[in-house]
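Single-letter residue listing:
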Amino acid sequence: MMELIYRFIPLLAAVKQDDIPPDQFPITPWDMQKVLEYFKQAYGNPPVYIHENGQKTQRNTSLNDTGRVKYLQGYIGAVLNAVRNGSNARGYFTWSFLDLLELLDGYESSFGLYYVDLEDPDLKRCPKLSAHWYSALLKGRNISSDRAIEIKKGKTPTSTTVQSI
């Protein structure tokens, strides 16, 4: 299995980094779809569970994490497209529910759908835009992978107003 993973490292390294902030991962959902298609063709379509997939941001930057929403939209959309094409992908799990201690970055980076205030003795948690988006997706709202939630002045992140990007 490790051999299989190493085959895809050059593919990920070749991604253009022009529009990606240095603290975030590139958004290349088509690569996820290609990998699932490859598994289907080369290995007889085994069951696949995708876990710990998420967008890195700098800690304390904003609760309005539109980059993470775009990341989730793209990758979940790619998995859905692969399933529609016959992939045996059975699960997608985002990383992570809460901001937490990361092995390589400590508390400097953030992957969570919920912000955790580490200065608060009660560790207060606040949902980010991505938490609201993910919740709406899980509730079956019609949110496609080529749309972004628009937050208008006076509306909450749970608003279902959608705008093409």
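Remember, predicted model here, so these are calculated numbers, not experimental data. Throughout this description, residue numbers start from 1 for each chain and increase along the sequence as written. A pLDDT threshold of at least 70 governs which residues receive local features in this predicted model, and a stricter bar of 80 or more applies before side-chain atom pairs are shown or counted, although totals over entire chains, interfaces and linings include all residues. Side-chain metrics in this entry use all non-hydrogen atoms of the structure; hydrogen atoms and water are not considered.

Observations regarding the overall build of the protein
Thought 1: The way it works is that DSSP assigns letters per residue, a run of H or I at least four long becomes a helix, a run of E at least two long becomes a strand, and they are numbered from the N terminus. Within the protein, the secondary structure is distributed over four helices and eight strands.
Thought 2: Contacts spanning at least 24 positions in sequence make up 58% of the contacts within the protein whose residues lie at least 6 apart. Residues count as neighbours in contact if any of their non-hydrogen atoms are within 4.5 Å of one another.

Some thoughts on the packing of helix α3 (residues 66–84) against helix α4 (residues 129–138)
Thought 1: Two elements in contact, α3 and α4, have axes whose closest approach is 8 Å; the angle formed by their N-to-C orientations is 30°. Overall, the two elements α3 and α4 adopt an arrangement that is roughly parallel. Crossing hand, α3 versus α4: right-handed. Here α3 contributes Thr66, Arg68, Val69, Leu72, Gln73 and Ile76 to the contact with α4, which in turn contributes Leu129, Ser130, Trp133, Tyr134 and Leu137.
Thought 2: Lys, Arg, Asp and Glu make up the charged group, whereas Ala, Val, Leu, Ile, Met, Phe, Trp, Tyr, Cys and Pro make up the nonpolar group; the residues left over, Gly among them, are polar. Residues that form the contact of α3 with α4 fall into these classes: seven nonpolar, three polar and one charged. Axis definition: a line fit to C-alpha positions, over the contact stretch in the case of helices; interaxial angles, taken between N-to-C directions, run 0 to 180 degrees. Angle categories: roughly parallel below 35 degrees, roughly antiparallel above 145, roughly perpendicular from 65 to 115, and oblique for all the rest. Each crossing gets its handedness from the near helix: less than a right angle anticlockwise from the far helix is left-handed, clockwise is right-handed.

Details of the confidence of the model for the protein
Thought 1: pLDDT expresses, on a scale from 0 to 100, how confident the predictor is about each individual residue. Residue-level pLDDT values for the protein average 75, and 71% of them are 70 or greater.
Thought 2: Every residue in residues 1–17 is under pLDDT 50, and counting partners more than four places away or in other chains gives 14 contacts.

Section: the side chain of Thr57
Thought 1: Counting through the fold element by element, Thr57 comes out in strand β2 (residues 57–58).
Thought 2: Reaching out from Thr57, the side chain makes a polar contact with the side chain of Arg68 at a distance of 3.2 Å. Here a polar contact is recorded for every N or O atom pair within 3.5 Å, except that within protein the pair must consist of a potential hydrogen donor and a potential acceptor, and residues adjacent in sequence are included only if both atoms are side-chain atoms.

A word on the pattern of salt bridges
Thought 1: Here, a salt bridge means any side-chain nitrogen of Lys or Arg that lies within 4 Å of a carboxyl oxygen of Asp or Glu. Scanning all chains against the criterion turns up four salt bridges.
Thought 2: For Lys40, the salt bridge goes to Glu37, with nearest N and O atoms at 3.2 Å. With a gap of three residues between them, Lys40 and Glu37 both fall in helix α2 (residues 29–42), about one helical turn apart.
Thought 3: Three exposure classes are used, based on accessible area relative to the maximum for each residue type with a 1.4 Å probe and protein chains only: buried under 20%, partly exposed in between, and exposed over 50%. Residue Lys40 is classed as buried on the basis of its relative accessible area, which comes to 17%.
Thought 4: We classify Glu37 as partly exposed; its relative accessible area is 29%.
Thought 5: Two residues, Asp99 and Lys128, come together in a salt bridge whose shortest N-O distance is 3.0 Å.

Quick look at the packing of aromatic side chains
Thought 1: To pair, rings of Phe, Tyr and Trp, with the six-membered ring standing in for Trp, must have centres within 6.5 Å; the planes then decide the type, stacked if under 30 degrees apart, edge-to-face if over 60, and tilted in the middle. Taken as a whole and judged by the stated rule, the model has four aromatic pairs.
Thought 2: The interplanar angle of 50° and the centroid separation of 5.0 Å between the aromatic rings of Phe97 and Tyr114 together place this pair among those described as tilted. Placement of the pair is Phe97 in the loop between β3 (89–94) and β4 (109–110) and Tyr114 in strand β5 (residues 114–116), with a sequence separation of 17 residues.
Thought 3: Among the residues examined, Phe97 registers a relative accessible area of 54% and is labelled exposed.

Section: unusual backbone geometry
Thought 1: In the segment running from Trp95 into Ser96, the intervening peptide bond is cis, with an omega of 5°.
Thought 2: Its location among the elements puts Ser96 in the loop between β3 and β4.
Thought 3: For Glu52, which is not glycine, the phi dihedral falls at a positive 55°.
Thought 4: If you trace the backbone, Glu52 turns up in strand β1 (residues 48–53).
Thought 5: On the basis of relative accessible area, Glu52 is assigned to the exposed category, the value being 52%.

What about the environment of Phe25?
Thought 1: Here Phe25 shows up in the loop between α1 (2–13) and α2.
Thought 2: Each C-alpha atom, one on Phe25 and one on Thr57, is 8.5 Å from the other, the two residues being 32 residues apart in sequence.

So, the packing of α2 against α3
The axes of two packed helices give the description: the angle between them and the distance between them.
Thought 1: It is the contact of α2 with α3, at a shortest axis distance of 8 Å, that shows an interaxial angle of 30°. As summarised for this structure, α2 and α3 are arranged roughly parallel, according to the angle between their axes. The two elements α2 and α3 cross, and the hand of that crossing is right-handed. Side by side, α2 and α3 meet where Pro29, Met32, Gln33 and Leu36 of the first sit next to Gly74, Tyr75, Ala78, Val79, Asn81 and Ala82 of the second.
Thought 2: Residue composition of the contact of α2 with α3, grouped by class: seven nonpolar, three polar and no charged.

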